[in-house]
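# Observations on the three-dimensional arrangement
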Amino acid sequence: MLKTIAGMKDILPSEISQWHYVEKICMEVFKNFNYKEIRTPILEMTALFKRGVGETTDIVEKEMYTFEDRDKTSLSLRPEGTAPVVRAYIQNKLFNDQPVTKLYYMGEMYRHERPQKGRYRAFHQIGAEYFGATSPLADAEIISLISEILNRLDIKSYVFYINTIGCQECRPKYKEALKNYFSNHFDNLCEHCQKRLDTNPLRVLDCKNSKCKEIAESSPIIIDYVCDTCKTHHEELIKLVDFIKIPYKIDYRIVRGLDYYVRTTFEVKEEGGILGAQNTILGGGRYNGLVSQLDGPETEAIGFAIGVERLLYLLENISNSEYIDYVVIPLGKEQIDMAFKIATSLRIKGFSVDIDPRSGSLKSQMRWANKLGAKSVILIGENELKNSSYIEKNMETSEQKVCSINDVLN
Ligand code: HAM
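Residues numbered from 1 in each chain as written. Predicted model: local features only at pLDDT ≥ 70, side-chain atom pairs only at ≥ 80, totals over all residues. Heavy atoms only, no water.

Another point: the site of the ligand. Neighbouring residues of the ligand: 27 residues in total, closest E80, T82, E113, Y120 and Y261. At 2.9 Å, a backbone N or O of I281 approaches an oxygen atom of the ligand. The backbone of G307 places a nitrogen or oxygen atom 3.3 Å from an oxygen atom of the ligand. Protein coverage of the free-state accessible area of the ligand, which is 650 Å², stands at 96%. Looking at the shell around the ligand, the elements with two or more residues in it are β6 (122-131), β10 (280-286) and β11 (301-307). If one sorts the elements of the shell around the ligand by residue count, β10 sits on top with 6 residues. Of the residues contributing to the shell around the ligand, the split by class is 11 nonpolar, 9 polar and 7 charged. (Near = heavy atom within 4 Å. Polar contact = N/O pair within 3.5 Å; in protein donor to acceptor, adjacent residues only side chain to side chain. Areas by Shrake-Rupley, 256 points an atom, 1.4 Å probe, with all protein chains shown as cover. Helix = DSSP H or I, 4+ residues; strand = E, 2+ residues; numbered from the N terminus. Nonpolar A, V, L, I, M, F, W, Y, C, P; charged D, E, K, R; others polar.)

See the structure below:
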């Protein structure tokens with residue numbers, strides 16, 4: 001039997017109403033904050049992610065699904081949404097429309113990671129990108145938008161971890177300090193981090209290895225190295241965040257696994273123990289240099305992405321109940337024509353309707369109607385057909401009434 005690829009899942013009809021619910025709430029919040037939807041292809045040139053996400057990131061180094069097109073161009077399934085949205089922003093000159101551009105997206109992303117609970121090879125993100133604003137107000141607005149989504153979904157046990165990781169001016173000094181510090185612990189670092197010391201020492205702060213974690217706990221912290229502009233930006237953001245009244249901690253070791261961030265970075269973690277090891281529900285930050293790095297105009301930007309599968313774990317008590325207005329039951333083959341006509345008329349009037357195509361026993365047809373969550377069933381038997389009528393039974397009250405076929409067909 002052929003199966004899905006490891007780490008990839010079908011979303012079944014029994015689960016879909018939860019997805020629709022999350023998408024609906026997010027779309028309502030995006031509308032409240034004046035974001036417009038953008039949809040980009042799932043396949044992009046590999047160069048976009050190499051230049052956009054960063055050559056030395058785990059994502060680009062070892063997690064992308066990359067293959068050659070027929071003309072030998074290297075293509076990759078998108079591992080994240082920011083680089084494609086930035087590409088679309090530049091290619092379609094969206095910067096000409098308005099001083100600021102606010103976009104959101106929902107879609108599947110692909111990363112060849114080791115699958116476990118909350119970590120998949122095909123997963124969904126709902127994210128937003130805010131282009132053209134330097135002010136910490138944009139950072140605060142993004143954080144406020146996220147907290148609104150989480151609150152409307154009634155998610156409780158979460159905490160924002162907020163940091164600044166400086167800019168091109170001040171971060172090199174911090175990287176140097178980290179490199180010096182970790183070099184003194186070189187032999188105790190994992191093999192991967194020993195290599196990271198040269199390529200990107202910030203990434204050691206993100207390592208899950210217990211020894212590396214322990215060493216990282218006493219490492220220098222970014223706030224002692226940031227320039228005045230980054231420091232002021234961070235302080236002003238925190239003042240605005242205090243106004244929103246969200247559960248947050250300042251964590252100077254949130255560095256994130258993508259290269260494009262400057263100044264604000266943040267993550268939201270679930271702290272109720274439901275998600276286990278993969279408890280980061282979402283992440284984001286500022287990426288002021290990315291648009292120009294991908295050949296667009298100098299543009300400041302900030303954004304975030306939620307992992308939808310992780311979010312859904314936290315929504316278990318949302319009812320999955322689907323319903324249908326009518327199930328039409330022809331009691332014999334002769335009534336099938338009329339069942340079809342009645343169902344068609346009701347559908348055109350806007351009702352949700354299904355017909356049992358088996359014309360089996362009444363008992364099994366009623367069982368099926370119950371399973372579909374039918375509010376009413378329409379029964380058409382021999383006598384009814386003769387009298388141009390049908391019986392409508394309310395499934396909740398069991399009340400029955402005889403109705404005229406002509407009334408519904410007209
Ligand atoms: P990210 O932290 O790589 O950021 O991913 C965001 C979220 O996607 C994570 O917090 C997690 O919930 C979910 N996620 C990531 N990998 C997996 C996986 N393998 N399985 C299930 N869920 C996963 C970004 O992707 C940035 N583009 C966010 C951003 C937008 N920054 C600025 N704008």
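Let us keep going from here.
Now for the packing of aromatic side chains. In total, this model carries 12 aromatic pairs according to the counting rule given. With a centroid separation of 4.3 Å and 10° between ring planes, the pair formed by F30 and Y104 is classed as stacked. Separated by 74 residues along the polypeptide, F30 in helix α1 (residues 16-32) and Y104 in strand β5 (residues 101-110) bring together distant segments of the chain. The same class applies to F30 as to Y104, namely buried. Where Y260 meets Y287, the ring centres are 5.6 Å apart and the plane angle is 55°; that geometry is what we call tilted. In this pair, Y260 sits in the loop between β8 (248-250) and β9 (262-270) while Y287 sits in the loop between β10 and α10 (290-293), placing the two residues 27 residues apart along the sequence. For Y287, a relative accessible area of 1% corresponds to the buried category. Its end group placed over the ring of Y313, K117 keeps NZ or CZ at 4.9 Å from the ring centre. (Phe/Tyr/Trp six-rings, centres within 6.5 Å; stacked < 30°, edge-to-face > 60°. Buried < 20%, exposed > 50% of the residue type's maximum accessible area, 1.4 Å probe, protein only. Lys NZ or Arg CZ within 6 Å of the ring centre and 35° of its normal.)

For the rest of this paragraph, the subject is the environment of E23. Among the structural elements, E23 can be located in helix α1. With residues near it in sequence (within four places) discarded, E23 still touches M106 and I126. (Contact = heavy atoms within 4.5 Å.)

The subject of this paragraph is the environment of D354. With respect to the helices and strands, D354 occurs in strand β13 (residues 353-355). Relative accessible area serves as the criterion here: at 28%, D354 is assigned to the partly exposed category. C-alpha separation for the pair D354 and E37, spaced 317 residues apart in sequence, amounts to 33 Å. If we ignore the near neighbours within four places in the chain, the residues touching D354 are I324, Y326, V327, V328, R347, W368 and L372.

The 8 strands lie next to each other as β1-β5-β6-β11-β10-β9-β7-β8, forming an open sheet whose pairing is mixed. At either margin of the open sheet sits one strand with a lone partner, and together these are β1 (36-37) and β8. Across 7 bridges, strand β7 (residues 158-164) lies against β9 in antiparallel orientation. Bridged to Y161 within β9 is E267. Along the sheet face, α1 touches β5, β6 and β11 and points at about 5° away from the line of β6. (Pairing = 2+ DSSP bridges. Axes fitted to C-alpha atoms, helices over the stretch in contact; angles between N-to-C directions.)

The subject of this paragraph is the environment of D154. Relative to the elements of secondary structure, D154 occurs in the loop between α5 (136-152) and β7. Separated by 161 residues in sequence, D154 and L315 place their C-alpha atoms 8.1 Å apart. In terms of polar contacts, D154 uses its side chain to reach the side chain of K156, at 2.8 Å.

A word on the pattern of salt bridges. Under the criterion given, the structure shown has 18 salt bridges. Across the salt bridge formed by K375 and D325, the nearest N and O atoms sit 3.6 Å from each other. Placement of the pair is K375 in strand β14 (residues 374-380) and D325 in strand β12 (residues 324-330), with a sequence separation of 50 residues. With relative accessibility at 42%, the residue K375 sits in the partly exposed group. Judged by relative accessible area, which is 14%, D325 ranks as buried. One connected set of salt bridges, linked through shared partners, spans D58, K62 and R196. (Salt bridge = Lys/Arg side-chain N within 4 Å of Asp/Glu carboxyl O.)

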